[in-house]
Structure formats: structure tokens, C-alpha cells
Amino acid sequence: MTPSRDIARLIEIMARLRDRETGCPWDIEQTFATIAPYTIEEAYEVADAIARDNMRDLCDELGDLLLQVIYHAEMASEIGAFAFGDVVEAITAKMIRRHPHVFGDADARAAGAAKGMWDKIKAEEKRARGDVPKRLLDGVPVAIPALMRAVKLQEKASTVGFDWNDPKAVLAKLREEIDEIEAEIDTANPDRLADEVGDLLFAVANLARHLKLDPDQALAGTNAKFVRRFAAIEDGLAAQGRTPDEATLDEMESLWQQAKAASNRG
């Protein structure tokens, strides 16, 4: 079998891999649940390639992500739920439906993109399917990253006025949560500590939201900064013919402060 630019070839390859008699043993035994973590991982690898501005890797990672869609569609096809063509039809119909200012009649195109149109159409789609959440927060996906879900939960609650109006009020709540963690540290109760740390992280996400910042992106920036500064520690010690496990905390802290000062000057 030769490679092809035709999506039909990829669908054929996946069907061959899943063939109960002649396919790959590993692929045959997979389920939606076992493949889901790989789907999430591939999405993150796409984002990583974008962050690194590496177009070659992005092309490769997008292929891996596309394979995940083909994989789930093939498994669904095997049980008669839907096929890849249904996935394509569903998303094309959705894009046309949610962009009346582009694909609608002359009046809709002339009206342009009204604020909140996407959410309004999305809500109408859910009502048409009978998929109306019983409670306000039911529609926030559980499987998304916890920090992202915290922001979405807060945004939902804010639509009915359950929110602070001032970021400084959120900052005060954050200080309160820190005090509660400090009070629990001596108890050494892991469940209570986890609960309090969770409250602190929720408050931090809320503060970022009020400051119109993405907490995940903010943390990603800090992670990258930490990697750069720790690399400076390693480089500084390597210049002395040493490694971090041969240095004291004070020595590493001194190199850290030098790296911090250098980055601030830059």
C-alpha cells in the first residue's frame, strides 16, 4: 500500500489495522476510552508545534491528530453509530449554520456578524436536540483541563450575577485561601490540604479571568521562564565543571538570581 494525499487512503489504512483477522493486534483491542488519552495528547502536540513555530512538526502533528479522528470514526462505524463521512457532513453543516453572515441569504450577509450570534445558534442547536442542561453548570465539560474548566465554570456563574465586580475582591479571596492552607499545614491531613490547595488554584484562575488573562497561558509562560533560568543554573555550574546535584541550594539560588537579573535587563 502506497501513501496518498487522498483521505480515503487513510480511512482504508485504519480499516485494515482494525480488521479482526488480518489487522494489528494492538489496534484491534483499542476502544474509544483507551484512545481518548492519545487524542488529547496529539492535540497538545499540535499546540506545542505551533508554540515552537515549527511548520514541519506542525504538519506531522496535524496528521497524527487527523488519525485520531479517523480512529474514532472507524470504531463508531464498526458498531453502526456513524462513519467518517458523517463527521465531515456534521461539521460542514455546523459551520454553515453558525455563519449566516457568510453563508446565509442576502439579508443575513448584510446584517453581518452580530455579537453573541455563535452562542445563540449553539444554544438553539442544543434545544433542537433536546440537549438542554438541567443546571447552569451542567454544560461545562468535565474532561477539559482543570484550570480551563475553573474559568469556564466561573464565566457561567457570572452570567447570573454570581461574581465579584472588582479584581481586588478576588485578590482578597486568594489571600484568605492562602491563610486557610497555612492553618491546615500543621494538621498534615492530605485530603484537607488538597481541598484547600484546590480552592487556592480556583481563586487564582478567577483572578486571572478578572484581569482578562488566560491562566493556562500565563502558567505556560512561567514554565518556560523556569526552564530558561534553570538551564542558566546548569550552564553556570557546568562552567565550573559541576552539576546541580553537586551544588548547594544557596549556590543554585545565587545563579538563579543572576539569571533573573539578566533576563530583567534584557
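Everything below is about the structure printed above this text.
Now for a description of the structure that goes with this document. (Residues numbered from 1 in each chain as written. Predicted model: local features only at pLDDT ≥ 70, side-chain atom pairs only at ≥ 80, totals over all residues. Heavy atoms only, no water.)

**Describing the overall build of the protein chain**
What the protein chain contains, in helices and strands, is 13 helices and zero strands. Mapped from its N terminus to its C terminus, the protein chain presents α and β elements in the order α-α-α-α-α-α-α-α-α-α-α-α-α. For 266 residues, the compact-globule formula gives about 18 Å, and the C-alpha radius of gyration of the protein chain, at 25 Å, lies well above that figure. Along the first, second and third principal axes, the C-alpha set of the protein chain runs to 60 × 55 × 45 Å. Out of the 266 residues belonging to the protein chain, those deemed buried represent 21%. (Helix = DSSP H or I, 4+ residues; strand = E, 2+ residues; numbered from the N terminus. Rg over C-alpha atoms; globule rule 2.2 N^0.38 Å. Buried < 20%, exposed > 50% of the residue type's maximum accessible area, 1.4 Å probe, protein only.)

**Some thoughts on the nonpolar core**
Met-14, Ile-35, Ile-70, Tyr-71, Ala-73, Met-75 and Phe-84 together form the largest nonpolar core, which totals seven residues. Counting residues per element, this core draws most heavily on helix H4 (residues 55–78), which supplies four residues. If sequence neighbours within four positions are ignored, Ile-35 has contacts with Trp-26, Gln-30, Gln-68, Tyr-71, His-72 and Met-75. (Core = buried A, V, L, I, M, F, W, Y, C linked by side-chain atoms within 4.5 Å. Contact = heavy atoms within 4.5 Å.)

**Points about the packing of helix H1 (residues 7–17) against H4**
Two quantities define a packed helix pair, namely the angle between the helix axes and the distance between the axes. Packing of H1 against H4 leaves a shortest axis separation of 10 Å and a crossing angle of 55 degrees. Classified by the angle between their axes, H1 and H4 sit oblique to one another. Of the two elements, H1 crosses H4, and the hand of that crossing is right-handed. Within the contact between the two elements, H1 uses Ile-7, Leu-10, Ile-11, Met-14 and Ala-15 and H4 uses Leu-66, Leu-67, Ile-70, Tyr-71 and Glu-74. (Axes fitted to C-alpha atoms, helices over the stretch in contact; angles between N-to-C directions. Parallel < 35°, antiparallel > 145°, perpendicular 65-115°, else oblique. Left-handed = near helix turned anticlockwise from the far one by under 90°.)

**A closer look at the packing of helix H9 (residues 146–158) against helix H11 (residues 190–210)**
Where H9 meets H11, the axes come as close as 9 Å, and the angle between the chain directions of the two elements is 65 degrees. Seen from above, H9 lies across H11 with right-handed handedness. Residue-level inspection shows Leu-147, Ala-150, Val-151, Gln-154, Glu-155 and Ser-158 of H9 in contact with H11, the latter providing Leu-201, Phe-202, Ala-205, Asn-206 and Arg-209. Its residues assigned to classes, the contact of H9 with H11 shows six nonpolar, three polar and two charged. (Nonpolar A, V, L, I, M, F, W, Y, C, P; charged D, E, K, R; others polar.)

**Details of the side chain of Asn-206**
Mapping Asn-206 onto the fold places it in helix H11. Excluding residues within four positions of it along the chain, Asn-206 makes contact with Gln-154, Asp-163, Trp-164 and Val-170.

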